[in-house]
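Listed here are the chains, written in short residue letters.
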Amino acid sequence: MRLESLALKDFRNYEQVSLELDPGLNIFVGDNAQGKTNLLEAVYVLALSKSYRAAQDSDLIRHGAQRALAAAQVRKLAAVELGFVLSHTEKKRLLVNGKAAAANRFVGTLLAVLFSPDSLQLVKGAPADRRHFLDVQICQIDPVYRKTLLEYQRVVRQRNSLLKAAQESRALLGQLPAWDRQLVRLGTQVILRRLTVVEQLQKYARETQREISQEREDLDLVYVPFFALRDGGPHKLPASEAELSEAFEKALRELHAEELRRGCTLVGPQRDDLVFLVNGRDLRKFGSQGQQRSAVLACILAELELMHAETGEYPVVLLDDVLSELDKNRRLQLLTLLNAKAQTIVTATSLDSFPQELVERAAVYRIRQGRIA
Ligand SMILES: Nc1ncnc2c1ncn2[C@@H]1O[C@H](COP(=O)(O)OP(=O)(O)OP(=O)(O)O)[C@@H](O)[C@H]1O
Ligand SMILES: [Mg+2]
């Protein structure tokens, strides 16, 4: 899949910009605060329908402007036009081929994978980051999952309100069983889908990690549901849907009093984690910085293969300022691997971190104060 062209109007610091992209490697070079990340963010919004770093859509509208617009031409088997309109006064509009589209249909049209310095925290960072890493992928390849996840999140919010309100008025607890049933039903679906995806990712990531480490490191990805975490770490998981929802219900019973006391939902996939093991040891606790970074790289490359296996297309890869964070060897390995498979859009403050032979083949753009040359 390729992004052929992109036009922005009043998006972040871009007043008006329009550009054609190379099917291979695109390098955007600019000093700090010129608009490099903003550009990748626009592509990300075209893929996922919302930003990963804006608290609200209206933050994306250029200061002083009324609305932000984006239009892009995407090429897969057929050409697709994507666009969005963000406004201070009206609802966000997502467009596919010029027509308004629901988010569930919009997401997945353009597949994208973002890799930024924050991604390097995947292993060491918070469990929420690792869940997000999985969810962003699965939502792009599976609209049913996206719908289930959103519905599940709504159930958790409403159940939380109920638990809080029940602290004052116990009679409300009569409503709880109905919410519990939904929580278990939707939550189990979320966990099941994440389990299958982790299994696929693991297969690809393991291969890559062996390559990066000259066959010395075996990487394992283990999805750990909340009830297993409570029991002290990764262990044998329930194999079937029935066993999963049983474990879910058991945890729900055990934590009932605690949930009431705290006024919030303490069970469910919003508390799950993903654990990385290298040669059987927890990478977060025992891995060197370099090993952790390699594992992240392996996961990102695995993400590409997963999307390709599921959709027949490689996603567009967005690399925001990460090359300077990698050593020369890994930089070359990453870019060469990507170059062979996917359209790549890279930002950097200088061209120095790029291998010369790749720069020669790349399309290079300069970004200065929201202008691209
Ligand atoms: N809604 C907005 N309207 C106008 N300008 C904005 C808006 N949001 C962000 N900016 C500005 O856009 C500029 C560029 O931001 P961006 O994050 O793209 O920089 P960058 O080129 O990635 O820099 P760095 O190398 O530091 O990461 C910043 O100066 C920021 O203040
Ligand atoms: Mg930036």
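Residues numbered from 1 in each chain as written. Chains lettered and ligands numbered in written order. Predicted model: local features only at pLDDT ≥ 70, side-chain atom pairs only at ≥ 80, totals over all residues.

Draft legend 1. How the structure looks around helix 5 (residues 176-212). An ideal rise of 1.5 Å per residue puts 54 Å on 37 residues; helix 5 measures up with 50 Å between its terminal C-alpha atoms. Immediately beyond the C-terminal end of helix 5, within one or two residues, lies glutamine 214, with a positive phi of roughly 50°. (Helix = DSSP H or I, 4+ residues; strand = E, 2+ residues; numbered from the N terminus. Expected span 1.5 Å × (residues − 1).)

Draft legend 2. Here's a closer look at helix 4 (residues 143-168). Helix length check: helix 4 (26 residues) gives 39 Å between terminal C-alpha atoms against 38 Å at 1.5 Å per residue, within 8%. Taken together, the buried positions of helix 4 are occupied by Tyr145, Arg146, Thr148, Leu149, Tyr152, Val155, Val156, Arg159 and Leu163. Buried-residue contacts for helix 4 involve helix 2 (103-106), helix 3 (127-141), helix 5 and helix 8 (256-262). (Buried ≥ 20, exposed ≤ 12 C-beta atoms within 10 Å, placed from the backbone. Contact = placed C-beta atoms within 7 Å.)

Draft legend 3. Focus on the site of ligand 1. Neighbouring ligand 1 are 16 residues; Asn13, Asn32, Lys36, Thr37 and Asn38 lie closest to it. Residue composition of the shell around ligand 1, by class: two nonpolar, nine polar and five charged. (Near = placed C-beta within 6 Å. Nonpolar A, V, L, I, M, F, W, Y, C, P; charged D, E, K, R; others polar.)

Draft legend 4. A look at the sheet that holds strand 10 (residues 273-278). Pairing is antiparallel across the open sheet formed by three strands, whose spatial order is 9-10-11. At either end of the open sheet lies a strand with only one pairing partner, and these are strand 9 (219-224) and strand 11 (281-282). Both strand 10 and strand 11 contribute to a ladder of two bridges, which runs antiparallel. Pairing of leucine 277 across the sheet is with aspartate 282, part of strand 11. (Pairing = 2+ DSSP bridges.)

Draft legend 5. Spatial organisation of the pairing of strand 3 (residues 25-29). Within strand 3, four of the five residues are buried, which leaves it mostly tucked inside the rest of the structure. Bridging between strand 3 and strand 13 (residues 344-348) involves five bridges; their strand directions are parallel. Looking at the pairing, leucine 25 lines up with threonine 344 of strand 13. Sheet topology note: the strand 3/strand 14 (residues 363-368) ladder contains four bridges and is parallel. Paired with valine 29 across the two strands is arginine 366, which belongs to strand 14.

Draft legend 6. Examining the sheet that holds strand 1 (residues 2-11) more closely. The sheet built from six strands is open, its strands ordered 2-1-4-5-6-7 with antiparallel pairing. The outermost strands of the open sheet, each flanked by one partner alone, are strand 2 (14-20) and strand 7 (99-100). In the sheet, strand 4 (residues 67-75) pairs with strand 5 (residues 79-87) via nine bridges, with the strands oriented antiparallel. Bridged to alanine 71 within strand 5 is glycine 83. Sitting on the sheet, helix 1 (residues 36-48) touches strand 1, strand 2, strand 4 and strand 5, and the angle it makes with strand 1 is about 110°. (Axes fitted to C-alpha atoms, helices over the stretch in contact; angles between N-to-C directions.)

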